[in-house]
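# Remarks on the overall topology
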Amino acid sequence: MKTTHAALAEKFIADEPRTDWHDETLWFVREKRDKAAHGLPEWEQLREWGSQIKNHTLSNLYNYLKEFEEKAVANGIKVHWAADGDEHNKIIHEIIRKHNIQKIVKSKSMLTEECHLNEYLQEHGIEVVDTDLGERIVQFRKEPPSHIVLPAIHLKKEDVSATFHEHLGTEKGNNDPQYLTEAARQHLRDKFVQSQLAITGVNFAVAETGGFVVCTNEGNADMGAHTAPVHIACMGFEKIIPKAEHLSVFLRLLARSATGQPITTYSSHFHKPRPNQEMHIVLVDNGRSRQLGREDFRNSLKCIRCAACFNTCPVYRRSGGHSYHTAVAGPIGSILNPNLDMKANADLPFASTLCGSCTNVCPVKINIHEQLWKWRQVIAAEGYVATSKKIGMKGMDFLLSKPKVYRFAGKMGRWMIRIVPFVVNNKLNVWYKQREMPEPPKESFRDWYLKNGKTNKK
Amino acid sequence: MSAREKILNTIAINQPELTALPLIDRNALIRYEDVYAQFKTVLESIGGKVELVQDITELKEQLIADKASGNFVVNTIAALGDVDDQVVSFTASELEKLEKAYIKGTVGVAENGAVWIYESQMVNRLLPFICQHLIVVIDKKDIVPTMHQAYDSIDVAKEGFGAFIAGPSKTADIEQSLVIGAHGARSATIYVIE
Ligand code: SF4
């Protein structure tokens, strides 16, 4: 393995002020999420509904996909099926060829990132213009997005200014976000007006009605889809939900979890092409049907790509999206990617402290940290684990299965950090790299709780 | 075997045992004393403007003045005057200079400031997105507390397209600084008719 999370993260954290800034910025987004969630007394109930609707959908996926296809076709939409990323790219390429299309705009779609659509088309001499502001910025810089909701979150405004100066001729050194956004607006308006094909993602597809919903704040998906004579919407098949009324649950959860907004500015519901327009949907598998069969990991398919688990993750915040070397980074990416390529992504389930914060914020209640832990077992059994990790894991396994020993080991650990810090602050302990080990608490949470928890209760 | 068969067959084998759909208990949902007040507060917190109007005819004068300004202004609301039906077939390059669009909405949502607009109300799907300034008119009685009641009162598949729109277009992609006016409307004003 050439590029591991640990090696890439080491590069990222070499710039300490930037790492701190990244950490704080994402934590700020996490706090906005909390505020939005606390504004609804039924928030936990909503998460439960979201989770149950998704569980039900996965348990009846065969029927829902057939129902969706039938209704979509009746609505005048052309439906395609792609077993993997390559098939997905070929289907789109074929549509482009058939219409002799030159000008393509694309709004945010993590699926097309997963399938490497842009690179595929580029190899065939076809250029795609990404229209989400963050995605356009990273596209100019020939970088992948580092976050599924905030693609350019790893960049400072000076970086964006320099990039726009080079590509759009904006004033050198003008770092004003308002000015830079306006420049992108003008530049991309031209692209929209001239576009012959708009590619969009899909947030939710409704089996009952054969339509799909696309959510953006910028309006870029709509500017493309309502302009171009051809619209292709690409979706992983797990985006399906049974009924239109279920959209209420998911639209209430999505933006609040993602950015703390009550809803995205635009939640656009597409059911039929406009007159003289051609509308396509590409339903993609790319490992999803396999994941569905893995009992321990199947509910990762419930994900609505809100990125709340990224923003809350102490490892993501302090290592950056590019360290995950995959299209979908963060905790959920570390569950999805080993399914796509276990060997190449064997490091990712280890890029976690297993603190469980991801699981606590996930709007559809995916047991993210437990799945990360389970992947470690699978990856070890398949022989893809470095020896140092293996020893640690065996210990961990032993500890977690024996609560009394675990408590004792905790006491020992706290004692060790206090009394003989060099034992843990050594080179074998990779967690110590670039950081001092924290001050150990004098007592464990359990000890503290036994003493104080009950008396503090009102 | 086609990709379709391959995918569906694998799903049939791998999908877990059937579980039940939850019942969405409406009693569990948030209630607002004054849905209009909530709608206004939320929408203004996300960059929109909300004004209460006694009678829709009050807006007629404003429309006349807007049209007289020489800017490209489109009206799609019959109660305000002549409807600019011709825009139905306008292309993006023809709409590119659109300064303002007046559009009727079906339902407003108090919890998030969104307004549902059907394609027939937009006349042209591009209208509410490509205009520089968006004016939406809704009736006060059509404001509901949450998205659940909103979906009850619309039929998303009735027309080819429809959207919930909540305020002006925005982005925070540059260092998380909020900028209003990304690709869509730079401002959104919602007139609520008593
Ligand atoms: S796993 Fe949960 S929290 Fe993470 S992106 Fe998916 S839905 Fe959001």
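What you see is a predicted model; the values in this text were computed from it and never measured.

Turning next to the overall build of chain A. Helices and strands together make up the secondary structure of chain A, namely 22 helices and ten strands. Across the 458 residues in chain A, those meeting the buried criterion constitute 59%. Nonlocal contacts in chain A, meaning residues at least 24 apart in sequence, comprise 74% of its contacts between residues at least 6 apart. Of the accessible surface of chain A, which amounts to about 19300 Å², a share of 53% is contributed by carbon and sulfur atoms.

Turning our attention to the packing of aromatic side chains. Under the definition given, this model contains 13 aromatic pairs over all chains. Measuring from ring centre to ring centre gives 5.2 Å for Y266(A) and F129(B), while their planes differ by 55°; the resulting arrangement is tilted. With Y266(A) in strand β9 (residues 266-270) and F129(B) in helix α6 (residues 127-130), this residue pair bridges two chains. Between the aromatic rings of F72(B) and F90(B), the centroid separation amounts to 6.5 Å while the plane-to-plane angle is 45°, which identifies the pairing as tilted. Taken together, the residues span a long stretch of sequence, with F72(B) in the loop between α3 (58-68) and β2 (73-75) and F90(B) in the loop between β2 and α4 (92-95) at a distance of 18 residues.

A few words on the side chain of E278(A). Residues and elements named next belong to chain A. By the secondary structure assignment, E278 is in strand β10 (residues 278-284). For the buried E278, no salt bridge exists, and the shortest N-O distance to an oppositely charged side chain is 4.2 Å, to K98. One polar contact links E278 to H280, side chain to side chain, over a distance of 2.7 Å. Discounting chain neighbours no more than four positions away, the residues touching E278 are K78, K98, H99, P229, V230 and H231.

Residues and elements named next belong to chain A. Neighbouring the ligand are 13 residues, the closest being C303, C306, A307, C309 and C362. Given that more than half its atoms are within 2 Å of the pocket grid, the ligand belongs to the second largest cavity. By residue class, the composition of the shell around the ligand is twelve nonpolar, no polar and one charged.

A separate point is the UniProt feature "domain: LUD" (unreviewed entry) in chain B. In the numbering used here, UniProt assigns the feature "domain: LUD" (unreviewed entry) to residues 101-193 of chain B. In this annotation, residues 101-193 of chain B is assigned 16% helix and 39% strand; the end-to-end C-alpha distance for the span is 18 Å.

Let us now look at the sheet that holds strand β2 (residues 104-106) of chain A. All names here are of chain A. Read across the open sheet, the six strands follow the order β1-β10-β7-β4-β2-β3; overall the sheet is parallel. Of all the strands in the sheet, just β1 (78-82) and β3 (128-130) have a single pairing partner and so form its edges. Going across the sheet, the axis of each strand differs from the next one's by a mean of 20°, ignoring polarity. Sheet analysis places β2 next to strand β4 (residues 197-200), joined by three bridges and oriented parallel. Looking across to β4, one finds that V105 is bridged to A198. The sheet strands contacting helix α8 (residues 133-140) are β2 and β3, and the helix crosses β3 at an angle near 125°.

Turning our eyes to something else, we now look at the nonpolar core. Counting 149 residues, the largest nonpolar core has F212(A) and F39(B) as the members making the most contacts within it. By residue number, the principal contributor to this core is helix α12 (residues 246-258) of chain A, which donates seven residues. For F212(A), the residues in contact, after removing those within four places along its chain, are I77(A), V202(A), F204(A), A205(A), H231(A), A233(A), S268(A), H269(A), F270(A), M279(A) and I281(A). One finds A82(A), I104(A), L117(A) and V284(A) within the second-largest nonpolar core, a separate group that totals 21 residues.

Residues and elements named next belong to chain A. The tally for this structure, following the rule as stated, stands at 35 salt bridges over all chains. Two residues, R97 and E94, come together in a salt bridge whose shortest N-O distance is 3.0 Å. Placement of both R97 and E94 in helix α5 (residues 85-99) is noted, with a separation of three residues, approximately one turn of the helix. Exposure remark for R97: the relative accessible area of 52% places this residue in the exposed category. Of the charged contacts in the structure, one is a salt bridge between D296 and K374, with a shortest N-O distance of 3.7 Å. With D296 in the loop between α13 (288-293) and α14 (308-312) and K374 in helix α18 (residues 368-381), the pair connects residues that are 78 residues apart, well separated along the chain. Judged by relative accessible area, which is 37%, D296 ranks as partly exposed. Given a relative accessible area of 27%, K374 falls into the partly exposed group. If you follow the salt bridges from partner to partner, you end up with D20, D23, R317 and R318 in one network.

This next bit is on the interface of chain A and chain B. Between chain A and chain B, the residue contacts involve 95 residues of the former and 70 residues of the latter. For the pair chain A and chain B, the summed buried surface comes to about 6700 Å²; carbon and sulfur atoms form 63% of the total. Three residues, W49(A), R185(A) and H269(A), lead the burial of chain A against chain B; their summed loss comes to 10% of the area buried on that side. Taken together, chain A and chain B are joined by five salt bridges.

Among the five residues that make up β9(A), five are buried, leaving the element largely enclosed by the rest of the structure. The alternating pattern of β9(A) places Y266(A), S268(A) and F270(A) and S267(A) and H269(A) on opposite faces, both of which are buried. Where β9(A) and strand β8 (residues 161-165) of chain B come together, five bridges link them in antiparallel fashion. Each residue of the ladder has a partner; that of S268(A), found in β8(B), is A163(B).

This part is about the sheet that holds strand β6 (residues 133-139) of chain B. Residues and elements named next belong to chain B. Strand order across the open sheet formed by five strands is β1-β11-β6-β3-β2, with parallel pairing between neighbours. Each end of this open sheet is capped by a strand with a single partner; those strands are β1 (49-53) and β2. Averaged over all pairs of adjacent strands, the angle between their axes in this sheet comes to 20°, without regard to strand direction. In terms of strand pairing, β6 meets strand β11 (residues 187-193) through seven bridges, oriented parallel. Residue pairing in the sheet places D139 in a bridge with I193 of β11. Each of β1, β6 and β11 is contacted by helix α2 (residues 35-45), which is oriented at about 150° to β1, the strand it contacts most.

Rules used throughout
- Residues numbered from 1 in each chain as written.
- Chains lettered and ligands numbered in written order.
- Predicted model: local features only at pLDDT ≥ 70, side-chain atom pairs only at ≥ 80, totals over all residues.
- Heavy atoms only, no water.
- Helix = DSSP H or I, 4+ residues; strand = E, 2+ residues; numbered from the N terminus.
- Buried < 20%, exposed > 50% of the residue type's maximum accessible area, 1.4 Å probe, protein only.
- Contact = heavy atoms within 4.5 Å.
- Areas by Shrake-Rupley, 256 points an atom, 1.4 Å probe, with all protein chains shown as cover.
- Phe/Tyr/Trp six-rings, centres within 6.5 Å; stacked < 30°, edge-to-face > 60°.
- Lys, Arg positive; Asp, Glu negative; His and termini not counted.
- Salt bridge = Lys/Arg side-chain N within 4 Å of Asp/Glu carboxyl O.
- Polar contact = N/O pair within 3.5 Å; in protein donor to acceptor, adjacent residues only side chain to side chain.
- Near = heavy atom within 4 Å.
- 1 Å grid on protein atoms, 1.4 Å probe; cavity = no way out; pocket = protein on both sides within 12 Å on 5 of 7 lines; lining within 4 Å.
- Sits in = over half its atoms within 2 Å of the grid points.
- Nonpolar A, V, L, I, M, F, W, Y, C, P; charged D, E, K, R; others polar.
- UniProt positions renumbered as here; feature names shortened; annotations may be inferred.
- Pairing = 2+ DSSP bridges.
- Axes fitted to C-alpha atoms, helices over the stretch in contact; angles between N-to-C directions.
- Core = buried A, V, L, I, M, F, W, Y, C linked by side-chain atoms within 4.5 Å.
- Buried area = accessible area lost by both parts, 1.4 Å probe.

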